[in-house]
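Summary of the model geometry
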Amino acid sequence: MSISEQDVIDFIYAEANLLDEHKFEDWLELFADDGVYWMPLEFGQTEEHLTTSLMYEDKLLLTVRVERLKGERTFSQRPKSRCHHILQRPQILNPQILKKGKEIKTKTAFHYTESRLDEQFFLVGWAEHILRPTGDGLQIVRKQVNLINPESAHRNIQLFV
Amino acid sequence: MSEVDIKALVKPGASEVHRDVFLSQSVFEQEMKTVFRRTWVYVGHDSQVPKKGDFTTTTIGTQPVIMVRHSDNTIQVLLNRCPHKGVQLVNDPSGSTGRFFRCPYHAWSFKTDGSPLGIPFKKGYEDTGFDKSCAKKGMCNLKNVKNYRGFVFVRLSEEGESFEEFFSGSLSSIDNMIDRSPEGRLEIVGAPLRYLHHCNWKMLVDNQTDTCHPMIAHESSAGTVKKIWEAAAGEDTSKPMSKPMPKPMVVELVLPFMSSYETFEKMGIRTWDHGHGHTGVSWSIHSEYSDVEGYFISMVEAYGGERAEEIIAETRHNTCYFPNMMVKGAIQTLRLFKPIAADKTIVESWIFKLVGAPDTFLKRTAMYNRIINAPTSIVGHDDLEMYERAQEGLKVDANPWVNMQRHYRADELGGERVHPGTSEVQMRNHYVSWAKYMSAGDEV
Ligand code: FES
Ligand SMILES: [Fe+2]
């Protein structure tokens, strides 16, 4: 199956949209079984395992998060948080491989807002996706979220950037 | 500012403490002048400043300080304030200053022990009385600094207990963390997680030895891990030919949070004088981590079989060091509860590498830190919600008391003691010392 540049861009916009509409289970489906969501703790961090990250979540952990958000006794979600993404047009970093069915790398700048009760905060940065073309369309192999201020003293970040 | 009446805030034995301990900004300001001056406060680990001129910045209470490695290789702690007009000499969390500090405002310079080096166009100070000023002496160098096996502590006050007297037996928890390295050495790895809480710093300290909350407050996080894991593992064993699914590291780290009251009760709490204490005397949530290949052999080579086993078997849970530090030897993490205001605290969570041990330890430690201590951690979300609801709930006038009576006995404290694991005794121990340091003496 050949994937066009527009397919890739549409996929990334749709991903953010699922989060903003709180369709977390559908969002989870976008991840490959070996998919990972990574948010480094230090600006420019390349080490994944041997230093602290803000998040490094395989599908098991992402499933736990999504399940938890629904829980009756998830007190930090009573009332619930809301989130919103503004994305810049995604860039495909390796456009030459689009026709070859290999993994596609993209970079997408975002402004993310999360709010709950009287608090609202903004996170800014860019996401790097690695997407795998399959018979059923694209899957997320890796989503790396780079904040411009990962080392700041943050409040609860409860949803997904 | 009028002196706070401590006796009105802490009942005998600290079985109850008044809400003003958490809510009052004047109590907070008095803490900064007493508790954080009269005790030995952790400022950093010497692995953060390996070379001469390397520094890190931190705070003692709310006062900014610099920890720096001086030209004679000693660790010096300086108040981070230019003696001229108060500008902070350095602002980075860490870095190297070379052989001296140079103030960015008017270029006064100082050696790395704080002593004055130069003032530009100095003749303007002739016949001005400058010689007698405090400014002339350079940056303030703190005298009471102790580097205990790499852990650096400072007592701001000139008077007070010696380092050894203040910590007594509690140093055994730091010792155990260090001894877990076959080389007896730790290194800080990476930047700390920093997590802003809108609550009093002592609520976080209390929570470190609160063993009646994990199975309740963390039902949403740890309980969900348990549920999802059991479903996945259950599915797997239903296939007759399949091997039991190996427990992923993260499941091994999180499941013990859901242990029963009885389990926590049995694990015990140990207290020492001056407000220190730890949970997990005979067992803890860190006791059943898988073995790491090659580690035990290297420990036996380093310490001999008997001692190696003793070190590894000591799996204490949380050790609270009065006033605001917590150490987990068995998973090599250190947390600092940094006071910002009565209702504002920044929690820093640091990790250590066991020098000479397999990387699996560091991987586990880093995983634990992000899963449990991060502002993105679902476990952290559970806890923060409780602290901040308490900070708000305490505004109710009808009952001004926070209750800490679980397993209370009037004669429970003094020296080294072991108590039932669900006792609130370490919280009481904290406030008994807190009251003492808040009111002792008149020096500030
Ligand atoms: S304030 Fe530092 S030199 Fe003037
Ligand atoms: Fe907790």
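Report follows, based on the coordinates.

Notes on the overall build of chain B
Helices and strands together make up the secondary structure of chain B, namely 15 helices and 20 strands. Buried positions account for 57% of the 444 residues belonging to chain B. Of the contacts made within chain B by residues no fewer than 6 positions apart, 67% connect residues no fewer than 24 positions apart. Taken as a whole, chain B presents about 18,700 Å² of accessible surface, with 51% of it coming from carbon and sulfur. In chain B, 51 side chains carry a positive charge and 56 a negative one; their mean positions are 6 Å apart.

Points about the overall build of chain A
Looking only at helices and strands, chain A has three helices and seven strands in total. Starting at the N terminus and walking to the C terminus, you meet the elements of chain A as α-α-β-β-α-β-β-β-β-β. Its C-alpha atoms give chain A a radius of gyration of 16 Å, within 12% of the compact-globule value 15 Å for 161 residues. The 161 residues of chain A split such that 53% are buried. Of the contacts formed within chain A by residues at least 6 apart in sequence, a portion of 60% connects residues at least 24 apart. Total accessible area on chain A is roughly 7,700 Å²; 49% of this is exposed by carbon and sulfur atoms.

Observations regarding the pattern of salt bridges
Under the definition given, this model contains 36 salt bridges over all chains. Residues E219(B) and R73(A) are paired through a salt bridge, measuring 3.0 Å at the closest nitrogen-oxygen approach. With one member in each of two chains, E219(B) in the loop between helix 7 (214-217) and helix 8 (222-238) and R73(A) in the loop between helix 3 (59-70) and strand 3 (82-87) form a pair that bridges those chains. On the basis of relative accessibility, which here comes to 30%, the residue E219(B) falls in the partly exposed class. On the accessibility criterion, R73(A) (49% relative accessible area) is partly exposed.

Considerations on the packing of helix 3 of chain A against helix 14 (residues 378-393) of chain B
Two elements in contact, helix 3 of chain A and helix 14 of chain B, have axes separated by 11 Å at closest approach and are oriented at 30°. Between helix 3 of chain A and helix 14 of chain B, the angle falls in the class roughly parallel. On the side of helix 3 of chain A, the interface is formed by V64(A), R65(A) and R68(A), while helix 14 of chain B contributes I378(B), H381(B) and D382(B). Looking at side-chain class alone, the contact of helix 3 of chain A with helix 14 of chain B contains two nonpolar, one polar and three charged residues.

Observations concerning unusual backbone geometry
Geometrically, the link from R78(A) to P79(A) is a cis peptide bond, its omega value of 0° lying close to zero. Backbone geometry places L117(A), a non-glycine residue, at a positive phi of 50°. Of note, the phi angle at D127(B) is positive, near 55°, even though the residue is not glycine. Looking at the element boundaries, D127(B) is found in the loop between strand 9 (116-118) and strand 10 (145-148). The exposure class of D127(B) is exposed, given its relative accessible area of 84%.

Details of the coordination of the iron ion (ligand 2)
Residues and elements named next belong to chain B. The coordination sphere of the iron ion (ligand 2) contains the protein donors H213 (NE2), H218 (NE2), D383 (OD) and D383 (OD), at a distance range of 2.1 to 2.4 Å. Coordination at the iron ion (ligand 2) is irregular, judged from the four donor atoms that bind it and the angles of 56 to 145° they form at the metal. Written as a sequence motif, the donor arrangement for the iron ion (ligand 2) is H-x4-H-x164-D. Under the relative-accessibility criterion, H213 is labelled buried at 15%. On the accessibility criterion, H218 (2% relative accessible area) is buried.

Reading the values: the criteria
Residues numbered from 1 in each chain as written. Chains lettered and ligands numbered in written order. Predicted model: local features only at pLDDT ≥ 70, side-chain atom pairs only at ≥ 80, totals over all residues. Heavy atoms only, no water. Helix = DSSP H or I, 4+ residues; strand = E, 2+ residues; numbered from the N terminus. Buried < 20%, exposed > 50% of the residue type's maximum accessible area, 1.4 Å probe, protein only. Contact = heavy atoms within 4.5 Å. Areas by Shrake-Rupley, 256 points an atom, 1.4 Å probe, with all protein chains shown as cover. Lys, Arg positive; Asp, Glu negative; His and termini not counted. Charge placed at Lys NZ, Arg CZ, Asp CG, Glu CD. Rg over C-alpha atoms; globule rule 2.2 N^0.38 Å. Salt bridge = Lys/Arg side-chain N within 4 Å of Asp/Glu carboxyl O. Axes fitted to C-alpha atoms, helices over the stretch in contact; angles between N-to-C directions. Parallel < 35°, antiparallel > 145°, perpendicular 65-115°, else oblique. Nonpolar A, V, L, I, M, F, W, Y, C, P; charged D, E, K, R; others polar. Donors = N, O, S within 2.8 Å, 3.2 Å for Na, K, Ca; no water. Tetrahedral: all angles 85-135°; square planar, octahedral: opposite > 155°, others 65-115°.

By themselves these figures say nothing about function.
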